[in-house]
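Now for the letters of each chain:
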Amino acid sequence: MGAMKDKILQLLARRHQGPTDLDSIGRALRIPKRDGSVLKRTLGLLEQQGRIARIKGDRYIIPSEADLIPGRLQVTRSGRGFLIPDDDSLEEIEIPADCTSTALHEDRVLARKDSTAKAGADARATGTVVRILERRRTQFVGELKRRRRFQFVVPDDPRLHCEILVPTARDLGRPARVGDKVVVELIDWESRQAHAQGEIIEVLGPPTREGVDMLSVIRQYELPLHFPKKVIQEVRRFGKQVKQKDWADRVDCRKHDVVTIDPLDAKDFDDAFSLRKMPGGQWRLWVHIADVSHYVKPGSALDEEARRRGNSSYLVDRVIPMLPEALSNELCSLKPNVDRLTKCVEFTLDRQGKVLRSRCYSAVIHSRRRFTYEEAFSVLEGNPKDELEILLHQAHTLAQKIRKHRFRAGALALDFPENKIYLKEDGRVDQIVQVENDCSHQLIEEFMLLANEAVAKKLRSRRRSTIYRIHEPPDPKRLREYREEVRAHNIPCGNLERPGEPQKLLRRLDQEPAGKALKIGFLKSLMRARYSIAPIGHYGLAKKDYAHFTSPIRRYADLVVHRSLFTRDAFPNLKEVADHISLSERNSDDAERDSRTVKLFAYLQNQLTQGPLETYEGLVIDIRNFGFFVDVESLGLSGLVHLSSLEDEFYSYHRESQSLKGRRSGRRIAVGDTIGVQVTKVDSVKKQIDFCLPPSQPKGRRGRSSRQGPGTARRAKKRRWQKKRS
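As the structure is a computational prediction, the values presented were derived from the model and not from experiment. (Residues numbered from 1 in each chain as written. Predicted model: local features only at pLDDT ≥ 70, side-chain atom pairs only at ≥ 80, totals over all residues. Heavy atoms only, no water.)

Concerning the overall build of the chain
This is how it is decided: Helix numbers and strand numbers start at the N terminus; a helix is a DSSP run of H or I with at least 4 residues, a strand a run of E with at least 2. Based on C-alpha atoms, the radius of gyration is set beside the globule rule, defined as 2.2 Å times the residue count to the power 0.38. Working definition: with a 1.4 Å probe on protein chains only, accessible area under 20% of the residue-type maximum means buried, over 50% means exposed, and in between means partly exposed. Per-residue and other accessible areas follow the Shrake-Rupley method at a 1.4 Å probe size, with only the shown protein chains counted as cover for residues.
Scanning the chain for helices and strands turns up 16 helices and 34 strands. The C-alpha atoms of the chain give a radius of gyration of 28 Å, which matches the 27 Å a tight globule of 726 residues would have. With the principal axes as the frame, the chain shows a C-alpha extent of 80 × 80 × 60 Å. Within the chain, buried positions represent 50% of all 726 residues. Entry remark: accessible area of the chain is about 36400 Å², with carbon and sulfur atoms responsible for 47%.

Structure, rendered in structure tokens:
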């Protein structure tokens, strides 16, 4: 079939070849009539891949000849879409909400680029979806509702703008009642003018029943809970311990002082390191990464399943691993006091932290100690008591020097705290703990970035086919819009398309009252990092060469990079793999976000129904004529404060200064203000939160709030200590 594909593409690409039907293609290629079904299947496959297009009269053509572009559609909550073309050299195309046809979020589609696009530097290419090439998914989770004589399902995902009509569910073990969460299979949806038709295939139960919220997320994102029997059988053959025969051709690093630093609840330890100070002030750094490739071989059932999953998914209440736990948490995990196989990047650095040389090899280690981030930070805060604690202090000193070099080279300083949600036994939120990117996290981060960059450089210099981690520069139009927003706050801002200007602005924003809010705006203007076979660099990290190498237990991309670096085998279809794992990563990110959101929404809804209402510190991040948006860092959520909820007086909107001003008192609410807020509405369907000001809340102030939540004093202490040490 491969040869037939090539012949068809060559035929349709001829200079004077117009649209051609099935029979004409068969005659031109001299394909016997008995092979007509094969030809038809091949054409269908090429069409699905977007390499050819079928137009009126069932004629085929190369898509570009008819201004047709295949790609993946991403849809926003407003219904507007963006086509990410299959061809990386083509720009993103905006698809208006009324031009998406029946395509859904992440579907592969064929779009026609508008020939009447507006001219100008800020004009964005637009288009219309003309055909759906492949549905990303056909099963959706939603709530069963009834209207007169009809039953329908409203999808949980607010990006799915359709109601799916369904008949009465049968033979599912339990009846489907109005209000239940159900899984629906999309059967047919011909046009926007017709209702989507579906069938209920699973009843999950009432949304308030324990466990239904997480099961809904798992079903919505099609996350697999179990491994196939063949995969489990393959893993059992490896045993539970590293065998001595596996040490062959490996560097023995078992006498090195190797340590790991990971989250408290982690079990899949991907990385470890060792450090030694050399005569003359140089450093020798060993970065060890779990050797997953030793066990997961190309073509095995284990490899196929890992590739299908693409990565591990870390939901709020569980981990759905890429590899079975016998590997991810045991045989591959770099646990202390046991022998483990690794891929090592060994660095020699000068006293200032600049890399002089590096080499890569297979190794065996015996980790001395497992530190949690909290333990590592505590060690770095005090005086070292033993050799391993001295090693941590030395590693911190070196990591901070590497970090300074990285930011001087143009890396973007966009670290924001993350929240860890702890649940009670019944699945409700127990506590929310803020996790800051302190020096213990930075230590590991800098060493891993160093290894990722070194490996990417070696692969590119050797011209080895592999998968790179890329981050493209932002859309110039978005940067120009963001620049105008910054200047509206009377903050100087240069041309952000020029090298160095974004870094200058971010440093300046650190000194401005509205700086934190504007930093969030800058983050939103950036492109999303993804995987590609083209080494085009990483904008955010300011690295020309970058790949993911350091987490093969939880990312398939890293496993591919290990194979590319340590074998000479050819790996086919790498572009398809890169596209697939980019998609699976986005899917997991969405699932992880939704798993947190459903728990937080239930937590806030409980405050509304049972009380008491808690007051949170909110950062004003955007002002509109109908209200202002606040980011509540302690929850990891943003929401709207409606103008109608400000009952003390009437506030007018000032577009130029991005502020609200009280007509009587002159009180001002502006981007960058910190304001206490309470939840007033939870919309689980639209996934939106509304806040209001507490009864005694002053209606606007500049700078930091006087209210300090739990952990504020501890975080301030960390910052003072880090400043002193660095």
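Next comes the rest of the account.
Structural notes on the sheet that holds strand 31 (residues 659–662)
Stated precisely, the cut-off is as follows: At least two DSSP bridges between two strands are needed for those strands to be called paired. Axis definition: a line fit to C-alpha positions, over the contact stretch in the case of helices; interaxial angles, taken between N-to-C directions, run 0 to 180 degrees.
The strand order across the open sheet built from three strands is 30-31-32, with neighbouring strands paired in antiparallel fashion. Looking along the sheet, the strands with just one partner apiece sit at the ends: strand 30 (651–654) and strand 32 (668–670). Pairwise comparison of adjacent strand axes, ignoring direction, gives a mean angle of 20° for this sheet. Note that strand 31 and strand 32 share three bridges and pair antiparallel. Looking at the pairing, Ser659 lines up with Ala670 of strand 32.

Section: the packing of helix 4 (residues 212–220) against helix 15 (residues 574–610)
Stated precisely, the cut-off is as follows: Small angles under 35 degrees read as roughly parallel and large ones over 145 as roughly antiparallel, with 65 to 115 read as roughly perpendicular and the rest as oblique. Handedness of a crossing is defined here by the sense of rotation of the near helix relative to the far one, left-handed for an anticlockwise turn of less than a right angle and right-handed for a clockwise turn. By definition, residues are in contact when any of their heavy atoms lie within 4.5 Å.
It is at 10 Å that the axes of helix 4 and helix 15 come closest, and there the two elements cross at 160°. Considered as vectors, helix 4 and helix 15 are oriented roughly antiparallel to each other. Once helix 4 is placed against helix 15, the crossing between them reads as right-handed. Taken together, the residues of helix 15 that come into contact with helix 4 (itself represented by Asp213, Met214 and Val217) are Ala591, Asp594, Ser595, Val598 and Lys599.

A word on the sheet that holds strand 27 (residues 616–624)
The mixed closed barrel is built from five strands, whose spatial order is 27-28-29-34-33. Within this sheet the neighbouring strands show an average axis-to-axis angle of 50°, counted without direction. As paired strands, strand 33 (residues 674–683) and strand 34 (residues 688–692) are joined by five bridges and run antiparallel to one another. Paired with Gln678 across the bridge in strand 34 is Cys692. Running at roughly 60° to strand 27, helix 13 (residues 515–525) makes contact with strand 27 and strand 28 (627–632) of the sheet. Here helix 15 sits on the sheet in contact with strand 27, strand 29 (637–642), strand 33 and strand 34, set at roughly 95° to strand 33.

Let's talk about the pattern of salt bridges
Quick note on the threshold: The working definition used for a salt bridge is a side-chain nitrogen of Lys or Arg within 4 Å of a carboxyl oxygen of Asp or Glu.
Going through the model one piece at a time under the given rule, you end up with 51 salt bridges. With its nearest N and O atoms 2.9 Å apart, the salt bridge here joins Arg403 to Glu446. Of the two residues, Arg403 is situated in helix 9 (residues 387–408) and Glu446 in helix 10 (residues 439–461); the sequence distance between them amounts to 43 residues. For the pair shown, Arg403 and Glu446 are each scored as buried.

What to know about the nonpolar core
Nonpolar side chains tend toward joint burial in soluble globular proteins. What counts is decided by this rule: Take the buried residues of types Ala, Val, Leu, Ile, Met, Phe, Trp, Tyr and Cys, join any two whose side-chain atoms come within 4.5 Å, and each joined set is a nonpolar core.
One finds Phe628, Ile669 and Val677 to be the most contacted residues of the largest nonpolar core, which totals 55 residues. Here this core takes five residues from strand 27, the largest share from any one element. Setting aside residues up to four positions removed in sequence, Phe628 forms contacts with Val620, Asp622, Ile623, Gly639, Leu640, Val641, Leu646, Leu660, Ile669, Ile675 and Leu693. Judged by nonpolar contacts, the second largest core, of 41 residues, contains Val287, Tyr373, Leu391 and Ile402.

Re the environment of Asp86
The topology assignment puts Asp86 in the loop between strand 5 (81–85) and strand 6 (93–95). For Asp86, the contacting residues outside a window of four places in its chain are Gln49, Pro70, Gly71, Arg72, Arg108 and Lys575.

Some words on the packing of aromatic side chains
Centre-to-centre distance and the angle between the planes together describe a pair of aromatic rings. For clarity, the cut-off: Pairing of aromatic rings covers Phe, Tyr and Trp, the last through its six-membered ring, and needs centres within 6.5 Å; plane angles under 30 degrees mean stacked, over 60 mean edge-to-face, and all others mean tilted. Note on criteria: charge over ring means Lys NZ or Arg CZ within 6 Å of the ring centre, with the direction from the centre no more than 35 degrees off the ring normal.
Scanning the entire structure with this criterion turns up four aromatic pairs. Residues Phe238 and Tyr295 carry aromatic rings whose centres are separated by 5.2 Å and whose planes lie at 65° to one another, so their mutual orientation is edge-to-face. Pair noted here: Phe238 is in the loop between helix 5 (229–236) and strand 14 (251–252) and Tyr295 is in the loop between strand 17 (283–290) and helix 6 (301–309), with a separation of 57 residues, a long-range link. By relative accessible area, Tyr295 is classed as buried at 7%. For the ring pair Phe626 and Phe629, a centre distance of 6.3 Å and an interplane angle of 90° mean the geometry is edge-to-face. Directly above the ring of Phe227 sits Arg309, whose terminal nitrogen or CZ lies 3.7 Å from the centroid. Over the aromatic face of Phe566 sits the side chain of Lys343, whose NZ or CZ is 4.2 Å from the ring centroid.

Here we look at the state of the cysteines
Test applied: Any pair of cysteine sulfurs within 2.5 Å is marked as a disulfide.
If you walk through the whole model with that rule in mind, you get zero disulfides. Looking at Cys253, it has no disulfide partner, and the nearest cysteine sulfur is the one in Cys344, 5.4 Å off. For Cys253, a relative accessible area of 1% corresponds to the buried category.

A look at the environment of Pro167
Mapped onto the fold, Pro167 is located in the loop between strand 11 (164–166) and strand 12 (181–188). For Pro167, the contacting residues outside a window of four places in its chain are Gln151, Gly198 and Glu199.

Let's talk about the packing of helix 8 (residues 373–381) against helix 10
Inclusion rule: Side-chain classes are defined by residue name, with Ala, Val, Leu, Ile, Met, Phe, Trp, Tyr, Cys and Pro counting as nonpolar, Asp, Glu, Lys and Arg as charged, and the others, Gly among them, as polar.
It is at 8 Å that the axes of helix 8 and helix 10 come closest, and there the two elements cross at 105°. On the basis of the axis angle, helix 8 is roughly perpendicular to helix 10. Where helix 8 approaches helix 10, its residues Tyr373, Ala376, Phe377 and Leu380 are matched on the opposing element by Cys439, Ser440, His441 and Ile444. Its residues assigned to classes, the contact of helix 8 with helix 10 shows six nonpolar, two polar and no charged.

Description of the confidence of the model for the chain
The line we're drawing: Values of pLDDT, the confidence the predictor places in each residue, fall between 0 and 100.
Per-residue pLDDT for the chain averages 90, and the proportion of residues at 70 or more is 94%. Within the model, the stretch residues 698–726 combines pLDDT values under 50 with 48 contacts to residues more than four positions away or in other chains.

Things to note about the side chain of Asp262
Selection criterion: Charge counting treats Lys and Arg as positive and Asp and Glu as negative, with His and both chain ends excluded.
Tracing the backbone shows Asp262 in strand 15 (residues 259–262). In this structure Asp262 is buried but unpaired, with Arg370 as the nearest side chain of opposite charge at 5.3 Å. For Asp262, the contacting residues outside a window of four places in its chain are Phe269, Arg370, Phe371, Thr372 and Tyr373.

Some remarks on the pairing of strand 13 (residues 196–205)
Within a regular beta strand, the side chains point alternately toward one face of the sheet and then the other, so they alternate between its two faces. Sheet topology note: the strand 11/strand 13 ladder contains two bridges and is parallel. Residue pairing for strand 13: Leu165 is matched across the bridge by Gln197. Strand direction decides the pairing type here: strand 12 and strand 13, joined by seven bridges, are antiparallel. By the bridge assignment, Val183 is partnered in strand 13 with Glu202.

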